Amino acid sequence: MEKIGVLVVSYGAREVAMVDALSRSPNYKVDLYIADKQRNPFNVEKAAKHVVIPDLNVEDICKFAEVNRQQIDFAIVGPEKPIIEGARDQIEKRTGIPVICPKQKYAIEVSKVEQRLLFQEIAPEANPRFKVFNPKDFKSTEDAKKAVYLWLDELKNQAVVKPDRPTAGKGVGVWGDHFATREQLFDHFMSNFQYGTVLIEEKIDGEESSFMAFCDGKHLAVLPDTRDHKRAFDDDKGPNTGGMGSYKDVVDQLPFMTKADRENELAIAQKIFREWSAKINDSTALRGVPLYLAFMHTRGGPKILEDNSRPGDPEIMNILPVLKEDFVDVCYGMLEGNLTRVDVDKVATVLTYKVPPSYGGYAEVFPGNVKKAEIDTPVDLSAAYELTRKFGDRIRVYPGSMELKNGLTYPLKSRVVGVLGVGESIEEARAVSLEGANAIKGGGLWNRTDVASKRTIEKSVHHMKQLRIQA
Ligand code: AMP
Ligand code: GLY
């Protein structure tokens, strides 16, 4: 078996799923060099060399790459921060190691405004109406307020406020969900506007899907759709988070989508990719997952909510364990420019994230549910791992925001551990995921219980039906 070295830049459970896929390679013996945000217990165990870089700054990542240059064949970067800050350009320039992620200039996740302008040019039909508010254009807060209220008149208040810069899904405020009055909306606007440009766009009604594709710079190797639930609490209530859980169906589209919806998504993504690539004139620039399009399926077809320049967290966890091919070969396909397609098993997958009491404001909203004595206590994953005896490869436990200290694993502040279930149906996959999540003890962790439930899916199906009737 050929021995290779891979550098993984890791933030949390999403990259643990990559590490898992790489280390299960049937064709290669993979030595892992992991630059990690924390002493993630899974990564520490799997790595040939492991380094903690808490802010994942590019300089320290490069130094780690330089020191291990001779052993590393390629690198893969999962999280947005180092991608946006130029990890690809810097590592390639300083070490010659080829890197899987877009080049800095084309990591458009950095700016929601830049994305909107690009899509307006290429696929205006998929863009909600939007307006850009740049602090430089306004003399005073009163001035800005006037302009915002005028735009709200036009949108009949049905508006979404988004800071230009990425905020891990947490800066977006939606009319009717996060504010009920213009004053509240304006407060939210100002809390972001004081730091920079803010976008206010039309609130659109529909059901969300996450569309991802691996890209070798020349082709989009599209992946099945997944559905992420970003709101903190059951029934899609509460603030937006990084994503509390996600599912994938047996087929490429989601239960509330028609085949035509999926084809529309593909057509939009391919058009954007084609025309964007033609402008760029660098056939490797878009390597990685440059177009993770968050779609909203509306009565007027799919609209783009945003683009990310990296795999979705948790969404890519719904895909990696059920790739038909060796993930290392997929990576080589991306590096060599010959990845035209990726095949995925026809199974369903469900991911449930367990998070600490502080996450999504849970402790404040449900103080009675929080066992104070458990907060920050060690998390015990052993019973969840034990379930592999029962489920085999149909369960995967992906530690995220947790760290290894004196042989124990402690929760940190973000999404602590994801549990993936695989099944012949969504229901079956969900049962596995929840059994795994329930087996994890300690840390005062909690999770949404309705991700991919029959009721949740029926609600989405019904919602789309209503929208289509009105169309
Ligand atoms: P984003 O970070 O832009 O994906 O937004 C986070 C969440 O806010 C999305 O998953 C949606 O639930 C919601 N959202 C964003 N943009 C819109 C929009 N134009 N209309 C309705 N909801 C939106
Ligand atoms: N799950 C949403 C994201 O990765 O941005």
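These remarks concern the structure in this document. Keep in mind that what you see is a predicted model, and the values were worked out from it rather than measured.

The rules we used
Residues numbered from 1 in each chain as written. Chains lettered and ligands numbered in written order. Predicted model: local features only at pLDDT ≥ 70, side-chain atom pairs only at ≥ 80, totals over all residues. Heavy atoms only, no water. Salt bridge = Lys/Arg side-chain N within 4 Å of Asp/Glu carboxyl O. Helix = DSSP H or I, 4+ residues; strand = E, 2+ residues; numbered from the N terminus. Buried < 20%, exposed > 50% of the residue type's maximum accessible area, 1.4 Å probe, protein only. Contact = heavy atoms within 4.5 Å. Near = heavy atom within 4 Å. Polar contact = N/O pair within 3.5 Å; in protein donor to acceptor, adjacent residues only side chain to side chain. Areas by Shrake-Rupley, 256 points an atom, 1.4 Å probe, with all protein chains shown as cover. Nonpolar A, V, L, I, M, F, W, Y, C, P; charged D, E, K, R; others polar. Core = buried A, V, L, I, M, F, W, Y, C linked by side-chain atoms within 4.5 Å.

### Some details on the pattern of salt bridges
Tallied over the entire structure, the rule returns 45 salt bridges. With its nearest N and O atoms 2.7 Å apart, the salt bridge here joins Lys103 to Asp282. Placement of Lys103 in the loop between β5 (99–100) and α6 (112–122) and of Asp282 in the loop between α9 (259–280) and β17 (292–298) is noted, with a sequence separation of 179 residues between them. Residue class for Asp282 comes out partly exposed when judged on its relative accessible area of 25%.

### Focus on the side chain of Ser433
With respect to the helices and strands, the residue Ser433 is situated in helix α14 (residues 426–439). When sequence neighbours within four positions are dropped, the list of residues in contact with Ser433 reads Val350, Leu351, Thr352, Val419, Leu420 and Gly421.

### As for the site of ligand 1
Taken together, 14 residues are adjacent to ligand 1, and Lys162, Glu201, Ile204, Glu208 and Glu306 come closest. Contact between ligand 1 and Glu208: an oxygen atom at 2.5 Å from a side-chain N or O atom of the residue. Interatomic distance of 3.3 Å between a side-chain N/O atom of Lys230 and an oxygen atom of ligand 1. Considered on its own, ligand 1 offers 470 Å² of accessible surface; in the complex 96% of this is hidden by protein. Only β7 (159–163), β9 (198–202) and β18 (301–308) provide two or more residues apiece to the shell around ligand 1. Residue composition of the shell around ligand 1, by class: 5 nonpolar, 1 polar and 8 charged.

### Describing the nonpolar core
In terms of nonpolar packing, the biggest core is built from 59 residues, with Val6, Leu22, Phe214 and Phe327 touching the most fellow members. If we ignore the near neighbours within four places in the chain, the residues touching Leu22 are Val6, Val8, Val30, Leu32, Phe327, Val328 and Cys331. Judged by nonpolar contacts, the second largest core, of 23 residues, contains Ile268, Ile272, Trp276 and Ile304.

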